[in-house]
Amino acid sequence: MPQLVFLPHPVFCPEGAVVEAPSGKSICDVMLENDIEIEHACDRVCACTTCHVLVREGFDSLNEPEEKEEDMLDKAWGLEAVSRLSCQAIVGAEDLVVEIPKYTINHAAEKNH
């Protein structure tokens, strides 16, 4: 069973976490099942970017992103080549190292008002 390492994030996972997850689950579902309460404003239907993550290791083992996800990612804060929407990124057979970005587009908007 693949091991997912979540790097520390000051809000969602201050200590970081290491969990095992079966292949075929989304990274978002794995986080929520392990009390890492990442935002998922659209209820995991690929209609926002609040569950954006950076897959630092194991990126190529994930399913290919569909066009809808790629279009949504264009709106994500801090977009990188290893960015995925965690609700769409399906765990494969390899271990992953996942970073939750410091901000989401929601955080950036809320801080400026």
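All of the points below concern the structure found in this document. Numbering of residues begins from 1 in every chain and follows the order in which that chain's sequence is written. A pLDDT threshold of at least 70 governs which residues receive local features in this predicted model, and a stricter bar of 80 or more applies before side-chain atom pairs are shown or counted, although totals over entire chains, interfaces and linings include all residues. Each side-chain value is derived from all of the structure's non-hydrogen atoms; neither hydrogens nor water enter the calculation.

**Observations regarding the pairing of strand S1 (residues 3-6)**
Selection rule: In this scheme, a residue with accessible area under 20% of its type's maximum is buried, one over 50% is exposed, and one in between is partly exposed, where area comes from a 1.4 Å probe on protein chains only. A run of DSSP states H or I qualifies as a helix once it reaches four residues; a run of E qualifies as a strand once it reaches two. Both are numbered from the N-terminal end. We call two strands paired when DSSP finds no fewer than two bridges between them.
What you see with S1 is a clean split: Leu4 and Phe6 sit on the buried side and Gln3 and Val5 on the side with no burial. Note: S1 against strand S2 (residues 17-20), four bridges, orientation antiparallel. Bridge pairing in S2 links Leu4 to Val19. Sheet topology note: the S1/strand S5 (residues 96-99) ladder contains three bridges and is parallel. Residue pairing across strands places Val5 opposite Val97, the latter belonging to S5.

**Points about the side chain of Arg84**
To keep things clear, this is the line we draw: N or O atoms within 3.5 Å of each other form a polar contact, as long as, within protein, one can give a hydrogen and the other can take it, and as long as residues adjacent in sequence are counted only when both atoms are side-chain atoms. Two residues form a contact once any of their heavy atoms are found within 4.5 Å.
As for its position among the elements, Arg84 is in strand S4 (residues 83-85). In terms of polar contacts, Arg84 uses its side chain to reach the backbone carbonyl oxygen of Gln88, at 3.5 Å. Leave out the neighbours within four places in its chain, and Arg84 touches Cys51, His52, Val53, Val55, Phe59, Leu62, Asn63, Glu64, Pro65, Glu69, Leu73 and Ala89.

**With respect to the sheet that holds strand S3 (residues 52-57)**
To keep it simple, the criterion reads: Fitted lines through C-alpha atoms give the axes, limited to the stretch in contact for helices. The angle between two N-to-C directions lies from 0 to 180 degrees.
Taken together, the five strands give an open sheet; going across it, the order is S2-S1-S5-S3-S4, and neighbouring strands pair in mixed fashion. The sheet is open, and its two edges are formed by S2 and S4, each paired on a single side. This sheet shows a mean twist of 35 degrees between the axes of neighbouring strands, independent of strand direction. Taken together, the three bridges between S3 and S4 define a ladder with antiparallel strand orientation. Bridge pairing in S4 places Leu54 opposite Ser83.

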